[in-house]
Amino acid sequence: MFLTEGLKSLLPHVLRRIIRCNKLSISNTSGMAEGYKQANVVILHKSLADDFEKFCHANDGPLPLLYRSKPGDWKCPSLSSDSDIRTDCLQYRIYEHGACTGSLKSLKEYSEQLKDMVTFYLGCSFSFEKAVQNAGIPVRNVEQKCNVSMYKTAVPCYSISTFCCNLVVTMRPIPESKLGAAVLATSELKEAHGAPIHMGDPGLLGIQDLSKPDYGDPVHLHPGDIPVFWACGVTGVEAVINCRAPLAFTHSPGCMFITDLKNDNVTVRPPREVPQVYCISQDPLHYSIVSAEAAEKIETLETLIGIDPGDRGITHLHRQHELLKACLSISHAQSVLITTGFPTHFTYEPPEENDGPPGALAIAAILQALEKEVAIVTDQRAMNLNKKIIEEAVQLGILKRPVPLLSYQRESADSALMFLSEKGNPGRPRFQHLIAIERAGMAADGNYYNARKVNIKHLVDPIDELFLAAQTIAGVTTTGVGDGGNELGMGKVKDAVKKHIKNGDVIACDVEADFTIVAGVSNWGGYAIACALYILSTCEIHDRYLRKAVGFPQLSKKTVWLSSLPSVSKEEKLLKTLVRHGVRSGKTASLEMEVDGLPFYDTHSLMIEKLL
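Residues numbered from 1 in each chain as written. Predicted model: local features only at pLDDT ≥ 70, side-chain atom pairs only at ≥ 80, totals over all residues. Heavy atoms only, no water.

Asks: Any chance you could explain the domain arrangement of the protein chain here in plain terms?
Replies: Interface size is commonly expressed as the accessible surface area that is lost when the partners come together. Domain parsing of the protein chain yields domain 1 (1-271) and domain 2 (276-611). One C-alpha centre belongs to domain 1, the other to domain 2, and the line joining them spans 44 Å. Of the residues lining the interface, 29 residues belong to domain 1; the matching set on domain 2 comes to 15 residues. For the pair domain 1 and domain 2, the two sides together bury roughly 1,700 Å², of which 66% comes from carbon and sulfur. At the boundary of domain 1 and domain 2, one finds zero salt bridges. Our count for the domain 1 to domain 2 interface comes out at nine residue pairs in polar contact (both at pLDDT 80 or more). (Domains from an automatic or database assignment. Contact = heavy atoms within 4.5 Å. Buried area = accessible area lost by both parts, 1.4 Å probe. Salt bridge = Lys/Arg side-chain N within 4 Å of Asp/Glu carboxyl O. Polar contact = N/O pair within 3.5 Å; in protein donor to acceptor, adjacent residues only side chain to side chain.)

Below you can see the structure in the form of structure tokens.
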């Protein structure tokens, strides 16, 4: 019998001969024939073949199709010179009406049935292991001499006819410092599943226990390792089970067909398309990816909105990558809660200023276009005003439909938790992301102050409590947008506010958000979030990661997304609406100067529009 040592360097045709003779004492092909492509195998009756091929194309992350045979053809000339699919996998499984009825070393006894069956060869992640090692990244399952871990997820594949199932993934522990290198090393190997589809907490995929894989062996994480998940060809096995075909065969998970094709047909991306990795949550741990080009555009947006027209010292509050990371987090959220409202004109009715609502509605508009759930929470006294503004925004075409309008009052110690989650269960949050834009924020003494140190607490409902409660709910992240340091969420930069902003020692908001976006005018921050979400949605790398490499790219919806973005004309209409309802400007004259005949804030919106 052959031992595992030395199999790495054997040529594929030699390994296939050894496998054919049943002379290997190994349980999987990980690490064998390094640098050559390996394949998952699915064998179905010819009547199902066309639908299964469509299923593969619709889910090409887990099921990259390398070759489809003709009925009864046991060879695959484009993949290997002398192969026989009946004998050249280490082990096979037989499925009858969706049930696995046995494991086999050879399919020769089924040769008659195979004459009416079609073989599909699908890419395998074992093919990229050498590339990962060449990038200086350890492959733990190879180190631990075991099969890779494979898990069923809660992520549904795109269904075709009788083929429907959830995605199956492989997990490889990767040192945190090597995440970017692992993404880069695998992203070009599309026939080996390409880049990861998730990095971080397995629970976000519906995986409960890494120590109990559905297929393969447990692979142990070293200190500092992050669980990284790739789409897996065993998804095809799940599809076979669910279609309940009278007879079907697959490889046994981990026992791949080894091809003669080298993994050297890599398409090198231009620098602007290189994927970048960012951490967007610590609890649960979650990383996201985006192209260098999209990241650079969003960084440009952040610079654009960060100028300080009032010369108030806000540049000292800026934190790099906050806009990008906030929008990556929002992009992953399915439901978003927005709050705005700063009653700085405390002697007038209404006391609101016009900075905040336009930015909030710009965010709501793009979220609606992206088919996310969105709601707005505001002060009880301002409900009627905001209802009228939202209704007119729909009439003006700024919003596709009315946004649900909510209010929050503290009635008990757990009011915030009850508001944010179903029946107060933190495991079932109603919103995945909270955004505060130009919302009065609570200072360290429990009061709320405008820029002139006037206490306006009597006009502000305690919506800060929602942001504090969100810190205790895993999976809920928060963003604060402000232009002076006294806005909700600016607690993250309160030390800089106290040091650099006039009256900062008194007015600084004490409540933190996970991400803090600082803008010359808060509305600009809202417009930037909307534009950044559009940029992410049109980024192919991020789109693939969002949909977990199943289904089809969403770029066909680009026109709808584009039409939802803020513009100068939309802003002008909305500002006129606010004026009509008695809402005043909250900024000094220096923020409203004209540039080329347009108010300064309109010109800035035009600059954002041009960037896209």
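Asks: Honestly, the packing of helix H8 (residues 292-305) against helix H16 (residues 522-537) in this entry has me stumped. Any pointers?
Replies: When two helices pack together, you describe them by how their axes are tilted relative to each other and by the distance separating the axes. Running from amino to carboxyl end, H8 crosses H16 at an angle of 175 degrees, the nearest separation of the two axes being 10 Å. Accordingly, the angle class assigned to the pair H8 and H16 is roughly antiparallel. In this structure, H8 uses Ala294, Lys297, Ile298, Leu301 and Ile305 to contact H16, whose residues at the interface are Trp524, Gly525, Ala528, Cys531, Ala532, Ile535 and Leu536. (Axes fitted to C-alpha atoms, helices over the stretch in contact; angles between N-to-C directions. Helix = DSSP H or I, 4+ residues; strand = E, 2+ residues; numbered from the N terminus. Parallel < 35°, antiparallel > 145°, perpendicular 65-115°, else oblique.)

Asks: Just to check I follow, could you spell out the sheet that holds strand S9 (residues 215-216) for this structure?
Replies: Two orientations exist for strands paired in a sheet by backbone hydrogen bonds: parallel and antiparallel. If you walk across this open sheet you meet the seven strands as S9-S6-S7-S10-S8-S14-S13, and the pairing is antiparallel. Every other strand in the sheet has two partners, leaving S9 and strand S13 (275-282) as the edge strands with one partner each. Sheet analysis places strand S8 (residues 198-200) next to strand S14 (residues 285-291), joined by two bridges and oriented antiparallel. Across the sheet, Met199 pairs through a bridge with Tyr287, a residue of S14. Packing against the sheet, H8 makes contact with S13 and S14, and its axis sits at approximately 95 degrees to S14. (Pairing = 2+ DSSP bridges.)

Asks: Hey, could you run me through the side chain of Asp84 in this one?
Replies: Turning to its location among the elements, Asp84 is positioned in the loop between strand S2 (65-68) and strand S3 (92-96). Asp84 sits in the buried class, given a relative accessible area of 14%. Among the polar contacts made by the side chain of Asp84, one reaches the side chain of Arg86 at a distance of 2.8 Å. (Buried < 20%, exposed > 50% of the residue type's maximum accessible area, 1.4 Å probe, protein only.)

Asks: Is there a simple way to think about the environment of Glu571 in this case?
Replies: Within the secondary structure, Glu571 sits in helix H19 (residues 568-580). Residue Glu571 is classed as buried on the basis of its relative accessible area of 5%. Distance in space between the C-alpha atoms of Glu571 and Asn523 is 9.8 Å, their sequence separation being 48 residues.

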